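Each chain, letter by letter, is given below.
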Amino acid sequence: MTVRDQRTAKVAFIGFGEAASAFRSGWRGAGLADTVAAFDVKTGSADAAVRARKWTDYATAGVTGAERVEDALAGAALVFSLVTADQAQAAARDAAAHLAPGALFFDGNSCAPGTKRESAQAVEAAGGRYVDLAVMAPVHPKLHKTPLLVAGPHAAEALAALSALKMSAREAPGPVGTASSIKMIRSVMMKGLEALFLECVLAGRKAGVDEVVLDSLDVTYPGFGFKERAAYMQERVMTHGVRRAAEMREVARTVDELGLAGGMARAAVDWQQRVGDLKLDARAIGEGDYRALADAILARLDTVER
């Protein structure tokens with residue numbers, strides 16, 4: 001496939017949330033990927049409002065929405081699976097039977113290496129080419145330029161396809177699971193920090209000592225900006241906690257697969273899930289104010305966990 005062919009090849013998304021819409025927005029702005037289709041389970045939601053919002057998302061992004069995964073994948077040379085971690089393996093199995101021969105299947109979900117190896121077996125057995133893809137940073141503001149890692153036997157072909165789409169990818173040399181290992185183990189720290197901030201700040205607010213604690217941490221770690229970080233970390237969990245909890249379950253599995261007990265990852269799951277389930281709108285509360293965010297979380301927790 002030539003570079004020109006790669007630019008004009010049909011691209012399909014399984015899952016059309018934040019990451020997929022960001023990639024599509026970047027391509028569209030750069031005049032790339034003219035033919036894009038998408039399937040998202042919300043298209044078939046029992047809630048009419050949820051269905052309507054997803055169809056609006058498709059129209060706004062300039063993609064062809066599909067009611068069935070097979071319709072989205074028909075003739076697609078490049079398939080990006082960008083669903084929640086707990087649905088990644090099912091998405092790979094469901095897609096496998098409908099992939100065009102030789103299609104590159106980019107599994108960009110935050111899953112344990114073992115989960116990705118199992119998904120790879122289903123895709124490869126059906127004649128697709130499975131690519132372990134790790135998204136290594138938030139997709140905003142870089143969109144399709146967000147740093148990516150790829151691994152597995154089709155890494156060279158994957159890099160060529162991503163390069164044609166002007167994406168910022170590099171290889172993590174090794175078998176399927178290598179890129180995801182890097183992402184998962186990094187998340188022990190990144191998502192674990194969010195959970196630590198939540199427990200520290202919420203406890204500090206309840207005890208009335210949050211400012212003293214955060215100021216003292218700034219003395220210990222100069223330049224870190226604990227109050228600013230506290231606001232950011234809380235907002236991330238409020239907005240994405242449910243998805244992050246699913247990812248951290250996969251992180252725990254990753255640590256388990258390495259013969260260690262993933263206790264820290266499992267503890268992070270608890271905070272991510274509890275706060276994500278509150279469905280608070282950080283923007284409406286005041287994103288940059290850690291105190292307001294913490295107080296809103298505490299008030300809602302008091303109501304739902306009483």
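Data block above holds the structure.
In short, a report on the structure. Just so it is clear, the structure is predicted and the values come from calculations on it, not from any experiment.

A closer look at the overall build of the chain
Argument step 1. Scanning the chain from N- to C-terminus turns up 13 helices and eight strands.
Argument step 2. A globule of 306 residues ought to have a C-alpha radius of gyration of about 19 Å, and the chain, at 20 Å, matches this closely.
Argument step 3. Within the chain, the fraction of its 306 residues that count as buried is 49%.
Argument step 4. Summarising the internal contacts of the chain: among those between residues at least 6 apart in sequence, 69% fall at separations of at least 24.
Argument step 5. Across the chain, the mean location of the 37 positive side-chain charges is 4 Å away from that of the 37 negative side-chain charges.

Considering helix 2 (residues 18-29)
Argument step 1. Its twelve residues give helix 2 an end-to-end C-alpha distance of 16 Å, which sits within 8% of 16 Å, the value for a rise of 1.5 Å per residue.
Argument step 2. Inspection of helix 2 places Ala 20, Ala 22, Phe 23, Arg 24, Gly 26 and Trp 27 among the buried residues, and these make up the whole buried set.
Argument step 3. Buried residues belonging to helix 2 abut strand 1 (11-14), strand 2 (36-39), helix 3 (48-61), strand 4 (78-81), strand 6 (129-135) and strand 7 (148-151).
Argument step 4. At the exit of helix 2 stands Gly 31, carrying a positive phi of roughly 70°.

Comments concerning the pattern of salt bridges
Argument step 1. Here the structure, examined in full by the defined rule, presents 19 salt bridges.
Argument step 2. The salt bridge partner of Asp 210 is Arg 205, with a shortest N-O separation of 3.3 Å.
Argument step 3. Under the relative-accessibility criterion, Asp 210 is labelled buried at 6%.
Argument step 4. According to the relative accessible area criterion, Arg 205 is partly exposed, its value standing at 24%.
Argument step 5. Between Arg 283 and Asp 281 there is a salt bridge, with its nearest N and O atoms 3.8 Å apart.
Argument step 6. Assessed through its relative accessible area of 38%, Asp 281 is described here as partly exposed.

Focus: the side chain of Arg 244
Argument step 1. Examined against the element boundaries, Arg 244 turns out to sit in helix 10 (residues 226-257).
Argument step 2. Discounting chain neighbours no more than four positions away, the residues touching Arg 244 are Lys 191, Glu 194, Arg 236 and Gln 272.

Examining helix 13 (residues 290-304)
Argument step 1. When the terminal C-alpha atoms of helix 13 are compared, their 21 Å separation across 15 residues agrees well with the 21 Å that a helix rising 1.5 Å per residue should span.
Argument step 2. Residues Tyr 290, Leu 293, Ala 294, Ala 296, Ile 297, Leu 298 and Leu 301 constitute the buried set of helix 13.
Argument step 3. Tucked inside the fold, the buried residues of helix 13 contact helix 8 (178-207), helix 9 (210-220), helix 10, helix 11 (263-276) and helix 12 (282-285).
Argument step 4. Here helix 13 starts with a cap whose side-chain oxygen sits 3.0 Å from the backbone nitrogen of Arg 291, and that cap is Asp 289.

Here we look at the sheet that holds strand 5 (residues 104-107)
Argument step 1. Pairing is mixed across the open sheet formed by eight strands, whose spatial order is 3-2-1-4-5-6-7-8. Bordering the open sheet on either side are strand 3 (64-66) and strand 8 (169-171), each of which pairs with just one other strand. Across this sheet, the average inter-strand angle for adjacent strands is 25°, counted without regard to direction.
Argument step 2. Seen against the sheet, helix 6 (residues 113-125) touches strand 5 and strand 6 and runs at an angle of roughly 145° to strand 6.

Quick look at a nonpolar patch on the surface
Argument step 1. On the surface, Ile 185, Leu 258 and Leu 260 cluster together to form a nonpolar patch covering roughly 310 Å² of accessible area.
Argument step 2. Relative to the helices and strands, Ile 185 is located in helix 8.
Argument step 3. Its relative accessible area of 45% is what places Ile 185 among the partly exposed residues.

About the thresholds
Residues numbered from 1 in each chain as written. Predicted model: local features only at pLDDT ≥ 70, side-chain atom pairs only at ≥ 80, totals over all residues. Heavy atoms only, no water. Helix = DSSP H or I, 4+ residues; strand = E, 2+ residues; numbered from the N terminus. Rg over C-alpha atoms; globule rule 2.2 N^0.38 Å. Buried < 20%, exposed > 50% of the residue type's maximum accessible area, 1.4 Å probe, protein only. Contact = heavy atoms within 4.5 Å. Lys, Arg positive; Asp, Glu negative; His and termini not counted. Charge placed at Lys NZ, Arg CZ, Asp CG, Glu CD. Expected span 1.5 Å × (residues − 1). Salt bridge = Lys/Arg side-chain N within 4 Å of Asp/Glu carboxyl O. Polar contact = N/O pair within 3.5 Å; in protein donor to acceptor, adjacent residues only side chain to side chain. Pairing = 2+ DSSP bridges. Axes fitted to C-alpha atoms, helices over the stretch in contact; angles between N-to-C directions. Patch = residues over 30% accessible without salt bridge, like charges linked within 9 Å, V, L, I, M, F, W, Y side chains within 5 Å. Areas by Shrake-Rupley, 256 points an atom, 1.4 Å probe, with all protein chains shown as cover.

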